[in-house]
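Tertiary structure, described
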Amino acid sequence: MRNISKITVAITAITNIAFCEIQESFFMSDADSKKAILLAKQYEKSDSNEDVTFKLSGIFFIDEMNWTIWLNGTPYSEAGQHGNFSIDEVSETEVIITTSSGETFVLSVE
């Protein structure tokens, strides 16, 4: 009876392994494997966002440190990285942003 339960456990374990998505590599350490997976996911996201358009619908500007812009209908009040783009500079009349692919755009309110 013990041999039958060991065989059942072994078959169950093999079946579970066969149907699981293997995410870590047998050839890299866990840390290296996780880094590679993270880079692949970021690459997938950047490819899917290639055709993003930016529409600046408003600028509320007090000074270089105090402002709010509305980009694609979303308000932003801080410079820096925001998803697949970064806000580099804001003035009374325009906003400079850089995409994750390195393209720089100067936007003004229409």
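Anything mentioned here points back to the structure above.
These lines cover the structure that appears in this document, whether it is placed above or below. (Residues numbered from 1 in each chain as written. Predicted model: local features only at pLDDT ≥ 70, side-chain atom pairs only at ≥ 80, totals over all residues. Heavy atoms only, no water.)

Further remarks concern a negative patch on the surface. On the surface, a cluster of negative charge is made up of Asp63, Glu64, Asp88, Glu89 and Glu94. Examined against the element boundaries, Asp63 turns out to sit in strand β1 (residues 56-63). Among the residues examined, Asp63 registers a relative accessible area of 32% and is labelled partly exposed. (Patch = residues over 30% accessible without salt bridge, like charges linked within 9 Å, V, L, I, M, F, W, Y side chains within 5 Å. Areas by Shrake-Rupley, 256 points an atom, 1.4 Å probe, with all protein chains shown as cover. Salt bridge = Lys/Arg side-chain N within 4 Å of Asp/Glu carboxyl O. Lys, Arg positive; Asp, Glu negative; His and termini not counted. Charge placed at Lys NZ, Arg CZ, Asp CG, Glu CD. Helix = DSSP H or I, 4+ residues; strand = E, 2+ residues; numbered from the N terminus. Buried < 20%, exposed > 50% of the residue type's maximum accessible area, 1.4 Å probe, protein only.)

Spatial ordering of the open sheet is given by β4-β5-β6-β7, a layout of four strands whose pairing is antiparallel. In this open sheet, the two strands that pair with only one neighbour each are β4 (80-82) and β7 (104-108). For this sheet, the mean angle separating the axes of adjacent strands, direction not counted, is 30°. Bridge count between strand β6 (residues 94-99) and β7: five bridges; the pairing is antiparallel. Looking across to β7, one finds that Val95 is bridged to Leu107. (Pairing = 2+ DSSP bridges. Axes fitted to C-alpha atoms, helices over the stretch in contact; angles between N-to-C directions.)

Non-glycine residue Asn72 carries a positive phi angle of around 55°. In this structure, Asn72 sits in the loop between β2 (66-71) and β3 (74-76). On the basis of relative accessibility, which here comes to 41%, the residue Asn72 falls in the partly exposed class.

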